[in-house]
Amino acid sequence: MKTAYKERIARRLTWVTALIILVVFVLIYGVARLTVIQNIDRDLQLETEKHQDQIFLVNGEIRFLHKDEWEEMEHSQIQLNPIFIEIVDLEGNSMDRSPNLRENHLSFSPEKSRKNEAWTQKLGAQEVRQRQITLYNDGKPEGYLLLAKSFQDARELLDNLRNVLLIFYPMILVSLFLTMRYLAGKSIEPIQQIIAKTNQITQKNLNERISEPELNDEIGQLTRSINELLGRLEQSLKREKQFTSDASHELRTPLSVLRGTLEVLIRKSRTPDEYEQKIKTALGTIDRMSALIDQLLALARVESSKNLVKEELELITFLEELADQTANDQQREVSFQSLVTVPIYIKANEKTLQMILDNLLQNAIKYSEKTFPVILRTGKSEQGAFIEVVDSGKGIDQENLEQIFDPFFREKKAVDEGIPGSGLGLAIVKKLAQESGIQLSVQSNPGSGSVFRLDFPQS
Ligand code: ADP
């Protein structure tokens, strides 16, 4: 069954409060009962001490002194809280009793006098508190004095108190539940507004935001988090759209060139040399398109680090070989430098690292003069091992230092100078580094060169 959140909160709070109130009510009733009983018992104790001295022994019988005064008092005044007194012998046979007892007798139990405490019992139709003490004559037990006091008023008070508490208990709980449900409903109102607004936001109106409350409480934080999430989603959707349109544009341009070349070619018959030259141009365009498609695929295939197998790699040997191989392939001077003499071990996926460094080395070669060497450097900092790809080339303008990692971004001067490229190399490097937990940074001075640096996490 689906229960509203406010109902659940109200129900839980009511359960807890119900328990607390129950304990409080039981305590109130218990304390009231104890106080009333203690009061009556104290009175009984005083009466016992008083009447103990008014008993005397005649011819083996125990009697009250001034019994006639009692009888007289009984006839002349209405006693609101009468004391019932009875004297019994050791066997419990009644010897004398107060006139207000009439035909009734107080109950006798020898063991009660040993405990010296009062108890509640029935006397005719009413309830009384009774005490019992042993009477001694010359140190010898002669009988028992039984005293009782009405418990009727106390019982009435306690019953009234119990009834009031029993009637109020469910009433308090019901009103508590309703109040809590109302308050819980009020406090989750902002959440319902957030839900309603979030439900309205689709891909079409992703630029809309939930209005943020002034207070920086949990609701404010939740709203802000959702808005930030929407912001990130919007950005990534924009990037994706931009990427698709850039990719289509980059593919369409060589296709148009290819089409143009072929159209010109079939317009009239040509000499074999002309055919050869046009076909070579077309093949060059196809090669550039293939390279672009390879890079797009490489970008799409960058795997998350969870799927990458990382092995222990010794950087000095690995980089030395890479520098030699690149120098051979590209016919350029690539020098290797190690800032430490001991081997440097890292945990990395060799293929991924190779791909990152290939891209950086190719850029360093592409964007610097042939006469300047490219340096592949490694060392250890406080954070861990690092690799730097250093060139003394054109450098990158400060305002472009972040954008160069965006797909298809190329600096204007690179395009103007006709340096081949697609603008995807550094985007691939950034994604690969991110997925491998490698920190990528760049420092560059236009005119004097660039340093691309990879920092590896401590293994
Ligand atoms: P591409 O080299 O194919 O243009 P990249 O993504 O590798 O694409 O590089 C993006 C841009 O960053 C380049 O167009 C270039 O302007 C700039 N860039 C990258 N590396 C260097 C470098 N070593 N020196 C100068 N500029 C660079």
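Conventions and cut-offs
- Residues numbered from 1 in each chain as written.
- Predicted model: local features only at pLDDT ≥ 70, side-chain atom pairs only at ≥ 80, totals over all residues.
- Heavy atoms only, no water.
- Pairing = 2+ DSSP bridges.
- Helix = DSSP H or I, 4+ residues; strand = E, 2+ residues; numbered from the N terminus.
- Axes fitted to C-alpha atoms, helices over the stretch in contact; angles between N-to-C directions.
- Contact = heavy atoms within 4.5 Å.
- UniProt positions renumbered as here; feature names shortened; annotations may be inferred.
- Near = heavy atom within 4 Å.
- Polar contact = N/O pair within 3.5 Å; in protein donor to acceptor, adjacent residues only side chain to side chain.
- Nonpolar A, V, L, I, M, F, W, Y, C, P; charged D, E, K, R; others polar.

1. Quick look at the sheet that holds strand E12 (residues 385-391)
- Read across the open sheet, the five strands follow the order E9-E11-E12-E14-E13; overall the sheet is mixed. The open sheet has two edge strands with one neighbour each: strand E9 (334-338) and strand E13 (439-445). Geometrically, the sheet is characterised by an average inter-axis angle of 15° between neighbouring strands, direction not taken into account.
- Strand direction decides the pairing type here: strand E11 (residues 374-380) and E12, joined by six bridges, are antiparallel. Bridging across to E12, Thr378 finds its partner in Ile387.
- Relative to the sheet, helix H9 (residues 350-366) contacts E9, E11, E12 and strand E14 (449-455), its axis offset from that of E12 by approximately 25°.

2. Details of the UniProt feature "domain: HAMP" (unreviewed entry) in the chain
- Here, UniProt's "domain: HAMP" (unreviewed entry) annotation points to residues 185-238.
- Taken end to end, residues 185-238 has its terminal C-alpha atoms 38 Å apart, with 67% of it in helix and 0% in strand.

3. Some remarks on the site of the ligand
- As a matter of local geometry, the ligand sits amid 20 residues, with Asn363, Tyr367, Arg410, Ser422 and Leu426 nearest to it.
- Lys366 is positioned with one of its side-chain polar atoms (N or O) 2.9 Å from an oxygen atom of the ligand.
- The element contributing the most residues to the shell around the ligand is H9, with three residues.
- Within the shell around the ligand, the residues separate by chemical class into nine nonpolar, seven polar and four charged.

4. So, the sheet that holds strand E7 (residues 140-150)
- With antiparallel pairing, the five strands of this open sheet are ordered in space as E4-E3-E7-E6-E5. In this open sheet, the two edge strands, each paired with only one partner strand, are strand E4 (94-97) and strand E5 (119-123). In this sheet, adjacent strand axes meet at a mean angle of 35° when their direction is disregarded.
- The sheet contact formed by E5 and strand E6 (residues 126-137) spans five bridges and is antiparallel.

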